[in-house]
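Inside the fold
Listed below are the residues making up each chain.
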Amino acid sequence: MKKFISIIMGLCMAFFLGACASTPKDTAINTQETAEGRENAILVGCILPLSGTSAYDGESAMNGAKAAAKYINDNGGVAGGKKIKLVFEDSATDPGTAASAAEKLINKDGVKVLVGAFTSSCTAAVQPVAENNKVPLITSVATSDALTKNGCKYFFRAVGISSLYVDAFAGKIINELGAKRIAYIYENGDWGLGSVNSFKKYAESLGAETTTVQVINTGDVDLYTQLTAIKESKPDAIYAVSHLANAVRIAVQKRELGIVCPIIGEGSWASGDFLTQAGAASEGIYGMVEYLPDIKTDMNPVFLETYSAVTNGKTPDKYAACEFNAILLAANGISNATDPYDSTSICDSLKKTNMNMLTGPIKFDENGQGYGFDVFLSQNKDGKATSISSTKVKIH
């Protein structure tokens, strides 16, 4: 406990955590706790895509959550020594499934906080479930601007929004590349559309022309039709928004078609899995990301060590880092709540958040949008994602 307090007091303005718990099996759905177990554990529900085309990203996020739980549990616990226990549910990247998962986690498992639901569309589907049941929902990945504009009092976002990344980095990249003609390709959904619209508006304000806009689905394998249309439009750069599976396809199939202009992306473009799977096709790609393994923060060495222990030596990506942050926030909210077993009390505590997480300090505004922490611009060089710029998330 002394070790834990010495670490945390240097990192947080108001941050006390506690208890140890075992993490669930990779596939997800935990059984009901015994009465004795519930007495010593506070349950946090995590909704992630653990199957389907986004399963790679979901697994990274799950491992990030497990690393956070291990860190918390190894260093004293929540609410005076109680366990934090994670209960995972698979959204399969489907909004309806995500909403059903939230209902199950709240009404059957008895979780006190929800973390999820990864994509913006799934998170939007879970919001009313959390709101109706008065259970706080922390999203760690979803960046659609709309999520903090619909008045949900139990919603908290521990990540930036797409328009912020665009405002911070688009001008730098466009000017550096001298891009006057830009093509767009995005994964169908609220996140992809919102990100493309933000970048397109900004680029056009700088005088850049839109050559074509192409849409892909999460289950698509053959993207040659969309990429051929991009090639024929003769762009100077491509703005692409995608999770891992389609990001790899875009990069590899683009190279196969002989498209030589650079990619600017939001999504998985800087993750270790992307770099490994895309290989040479990943070179030179710009990524607007929430985390890079080489960032210089006080907590990053702890995160790298804990994540390595949980995954047998893997290097974390942005999804792991974002979920790690969200579990730390949930634990902080529980520890500072008047009643750590009451979701409304935890929600009130979360509204007063003032702590350091992996990527820097965070507070929440009146809409539940987190701010104060850093986001990053990377470029892939020699098989590594290298940070070339950063900015702080500010209140819009």
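A brief structural summary. (Residues numbered from 1 in each chain as written. Predicted model: local features only at pLDDT ≥ 70, side-chain atom pairs only at ≥ 80, totals over all residues. Heavy atoms only, no water.)

Across its full length, the chain holds 13 helices and 15 strands. For the chain, the residues scored as buried account for 58% of the 396 residues in total. Of the contacts made within the chain by residues no fewer than 6 positions apart, 69% connect residues no fewer than 24 positions apart. Surface accessibility of the chain: about 15000 Å² in total, with carbon and sulfur atoms responsible for 49%. (Helix = DSSP H or I, 4+ residues; strand = E, 2+ residues; numbered from the N terminus. Buried < 20%, exposed > 50% of the residue type's maximum accessible area, 1.4 Å probe, protein only. Contact = heavy atoms within 4.5 Å. Areas by Shrake-Rupley, 256 points an atom, 1.4 Å probe, with all protein chains shown as cover.)

Let us now look at the sheet that holds strand β1 (residues 41-48). One open sheet accounts for five strands, arranged β2-β1-β3-β4-β5; its pairing is parallel. Of all the strands in the sheet, just β2 (83-90) and β5 (155-157) have a single pairing partner and so form its edges. Strand-to-strand twist across the sheet, computed as the mean angle between neighbouring axes with direction ignored, equals 25°. By the bridge criterion, two bridges tie strand β3 (residues 113-115) to strand β4 (residues 137-139) in an arrangement that is parallel. What sits directly across from L114, in β4, is L137. Of the strands in this sheet, β1, β2, β3 and β4 are in contact with helix α12 (residues 318-335), which crosses β1 at around 150°. (Pairing = 2+ DSSP bridges. Axes fitted to C-alpha atoms, helices over the stretch in contact; angles between N-to-C directions.)

This part covers empty space enclosed by the protein. Within this structure, the stated rule accounts for two cavities of 30 Å³ or more. Taken as a whole, the largest cavity spans an internal volume of roughly 60 Å³. Lining the largest cavity are F118, T119, S120, V141, A142, T143, W191, H243, E266 and K318. Each residue belonging to the lining of the largest cavity can be placed in one class, and the counts come to four nonpolar, four polar and two charged. Estimated volume of the second largest cavity: approximately 30 Å³. Together, A158, V159, E290, C322, N325, T359, F373 and D374 line the second largest cavity. Residues belonging to the lining of the second largest cavity are distributed by class as follows: four nonpolar, two polar and two charged. (1 Å grid on protein atoms, 1.4 Å probe; cavity = no way out; pocket = protein on both sides within 12 Å on 5 of 7 lines; lining within 4 Å. Points joined across faces, edges and corners; volume = space filled by probe spheres on them. Nonpolar A, V, L, I, M, F, W, Y, C, P; charged D, E, K, R; others polar.)

Looking now at the nonpolar core. Of all hydrophobic cores here, the largest spans 85 residues; its most connected members are I138, I182, F199, Y239 and I327. Non-local contacts of I327, meaning those with residues more than four positions away in its chain, are made with V44, C46, A65, A68, A69, I72, I84, L86 and V115. By size, the runner-up hydrophobic cluster in this structure holds 22 residues, among which are L43, L105, V129 and L137. (Core = buried A, V, L, I, M, F, W, Y, C linked by side-chain atoms within 4.5 Å.)

The subject of this paragraph is the pattern of salt bridges. Evaluated as defined, the whole model comprises seven salt bridges. Across the salt bridge formed by E89 and K104, the nearest N and O atoms sit 2.8 Å from each other. Linking E89 in strand β2 with K104 in helix α4 (residues 95-109), this pair joins segments that are 15 residues apart in sequence. Considered together, E89 and K104 belong to a single accessibility category, that of buried residues. (Salt bridge = Lys/Arg side-chain N within 4 Å of Asp/Glu carboxyl O.)

Here a ring pair, both rings aromatic, is described through the centre-centre distance and the interplanar angle of the planes. Counted under the stated rule, the structure contains 10 aromatic pairs. With centroids separated by 6.2 Å and ring planes inclined at 70°, the aromatic side chains of Y184 and F199 adopt a geometry described as edge-to-face. With a gap of 15 residues between them, Y184 in strand β6 (residues 181-187) and F199 in helix α7 (residues 190-205) connect regions that are remote in the sequence. Look at F303 and Y307: their rings are 5.8 Å apart centre to centre, the planes differ by 50°, and that puts the pair in the tilted class. (Phe/Tyr/Trp six-rings, centres within 6.5 Å; stacked < 30°, edge-to-face > 60°.)

Here we take up the side chain of D365. Mapped onto the fold, D365 is located in the loop between β12 (360-364) and β13 (370-371). For the buried D365, no salt bridge is present, and the opposite-charge side chain at shortest range is R157, 8.6 Å distant. Polar side-chain contacts of D365 include one of 2.8 Å to the backbone nitrogen of N367. One polar contact links the side chain of D365 to the main-chain amide nitrogen of Q369, over a distance of 2.9 Å. (Lys, Arg positive; Asp, Glu negative; His and termini not counted. Polar contact = N/O pair within 3.5 Å; in protein donor to acceptor, adjacent residues only side chain to side chain.)

With that settled, the discussion passes to the packing of α12 against helix α13 (residues 343-351). Two elements in contact, α12 and α13, have axes whose closest approach is 8 Å; the angle formed by their N-to-C orientations is 110°. Comparing the axis directions of α12 and α13 gives the class roughly perpendicular. For the element pair α12 and α13, the recorded crossing hand is right-handed. For the pair α12 and α13, the contacting residues are L329, N332, G333 and I334 in the first and I346, S349 and L350 in the second. Its residues assigned to classes, the contact of α12 with α13 shows four nonpolar, three polar and no charged. (Parallel < 35°, antiparallel > 145°, perpendicular 65-115°, else oblique. Left-handed = near helix turned anticlockwise from the far one by under 90°.)

With respect to topology, three strands assemble into an open sheet ordered β11-β12-β13, the strand pairing being antiparallel. Taken across any chain shown, the strands that pair with only one partner, and hence form the sheet edges, are β11 (355-357) and β13. Sheet analysis places β12 next to β13, joined by two bridges and oriented antiparallel. Residue pairing for β13: K363 is matched across the bridge by Y371. Across the sheet, α12 is in contact with β11 and β12; its angle to β11 comes to roughly 155°.

Here the focus is the pairing of strand β15 (residues 384-392). Pairing of strand β14 (residues 374-381) with β15 involves eight bridges; the strand directions are antiparallel. If you follow K381 over to β15, its bridge partner there is K384. Between β14 and β15, which pair antiparallel one after the other, the connecting turn spans two residues, and D382 there sits at a positive phi close to 55°.

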